[in-house]
Amino acid sequence: AQSVTQLGSHVSVSEGALVLLRCNYSSSVPPYLFWYVQYPNQGLQLLLKYTTGATLVKGINGFEAEFKKSETSFHLTKPSAHMSDAAEYFCAVTANTGNQFYFGTGTSLTVIP
Amino acid sequence: DAGVIQSPRHEVTEMGQEVTLRCKPISGHDYLFWYRQTMMRGLELLIYFNNNVPIDDSGMPEDRFSAKMPNASFSTLKIQPSEPRDSAVYFCASSLGWDSYEQYFGPGTRLTVT
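Residues numbered from 1 in each chain as written. Chains lettered and ligands numbered in written order. Predicted model: local features only at pLDDT ≥ 70, side-chain atom pairs only at ≥ 80, totals over all residues. Heavy atoms only, no water.

S.K.: Is there a simple way to think about the interface of chain A and chain B in this case?
M.R.: Accessible area lost when the parts come together is the quantity often used to give the size of an interface. At the interface, 20 residues of chain A touch 20 residues of chain B. Between chain A and chain B, the buried area comes to about 1600 Å², and carbon and sulfur atoms account for 54% of it. Here chain A and chain B share one salt bridge between them. Where chain A touches chain B, the interface holds four residue pairs in polar contact (both at pLDDT 80 or more). (Contact = heavy atoms within 4.5 Å. Buried area = accessible area lost by both parts, 1.4 Å probe. Salt bridge = Lys/Arg side-chain N within 4 Å of Asp/Glu carboxyl O. Polar contact = N/O pair within 3.5 Å; in protein donor to acceptor, adjacent residues only side chain to side chain.)

The structure is reproduced here in structure tokens:
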């Protein structure tokens, strides 16, 4: 069984500050992990993914995430927040045995000017 | 590629009416997914197809919901009869499958049942 927990349904940061969105997963098999972003009235867009190999993965718009197996975490970070980063962010997990994704409940990011 | 295409983008209907949502996946993608998003329940997987065959429909809320995929380039999600609690945004997504698991989402259909 697989699941994802996103800590904090709402996160506010000042423009230029560090963005940290937390994601912890549960998986009985090696996980594939994803972060998606959803802007208002739009579909989900892939930010980055981890499948195998390097545990620090870089995505679009300056975001990156690090897979930490010992902590079962896949936190999303960005060094400096921009106003355009305001959106809903979803963490998701799947296994290499199938295609079913398990999404977290989402974290709404607000960027304060 | 144009990405995943969904129609209509918005649908307003009265309770009891039949609603059909449509999806065209990205060409060459073997998997197609239907999701529902609400404030209360978040993003829920309703059903997914592999090579046009339904694989897991355990997320379909009840018999009023049905989904079909008659060919590789088209899928429908039907609600009959519709109820106000079906109001949500419905997303279609597709993926290549093995070794490339990321799902590509359409823009969604916002359904309002009055």
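S.K.: Hey, could you run me through the packing of aromatic side chains in this one?
M.R.: What describes a pair of aromatic rings is the distance from one ring centre to the other and the angle between the planes of the rings. Residue and element names in this part refer to chain A. In this structure the tally under the stated criterion is 17 aromatic pairs over all chains. Relative to F67, the ring of Y50 has its centre 4.4 Å away and its plane inclined at 20°; by these criteria the two rings are stacked. Here F67 lies in strand β7 (residues 64-68) and Y50 lies in strand β5 (residues 44-50), a separation of 17 residues in the sequence. Across the pair, exposure class does not vary: Y50 and F67 are buried alike. (Phe/Tyr/Trp six-rings, centres within 6.5 Å; stacked < 30°, edge-to-face > 60°. Helix = DSSP H or I, 4+ residues; strand = E, 2+ residues; numbered from the N terminus. Buried < 20%, exposed > 50% of the residue type's maximum accessible area, 1.4 Å probe, protein only.)

S.K.: Whenever I open this one, the sheet that holds strand β7 (residues 65-71) of chain B confuses me. Can you help?
M.R.: Strand pairing in a sheet relies on backbone hydrogen bonds, with the paired strands running either antiparallel or parallel. Residues and elements named next belong to chain B. The strand order across the open sheet built from four strands is β1-β3-β8-β7, with neighbouring strands paired in antiparallel fashion. This sheet does not close on itself; its edge strands, each paired only once, are β1 (5-7) and β7. Across the sheet, the axes of successive neighbouring strands diverge by a mean angle of 15°, strand direction being ignored. (Pairing = 2+ DSSP bridges. Axes fitted to C-alpha atoms, helices over the stretch in contact; angles between N-to-C directions.)

S.K.: Help me understand the pattern of salt bridges in this model?
M.R.: A side chain of one charge can pair with a side chain of the opposite charge if their charged atoms are brought near each other. Counting across every chain of the model gives eleven salt bridges over all chains. Note that K49(A) and E102(B) form a salt bridge whose closest N and O atoms lie 2.6 Å from each other. Note that K49(A) is positioned in strand β5 and E102(B) in the loop between β9 (88-95) and β10 (104-105), a pairing that runs across two chains. For K49(A), a relative accessible area of 30% gives the class partly exposed. A salt bridge links K78(B) to E18(B), with the nearest nitrogen and oxygen atoms 3.9 Å apart. Taken together, the residues span a long stretch of sequence, with K78(B) in strand β8 (residues 74-79) and E18(B) in the loop between β2 (10-13) and β3 (19-24) at a distance of 60 residues. Each of E62(B), R64(B), E83(B), R85(B) and D86(B) takes part in a single network of salt bridges with overlapping partners.

Function cannot be read off these values alone, since they describe shape.
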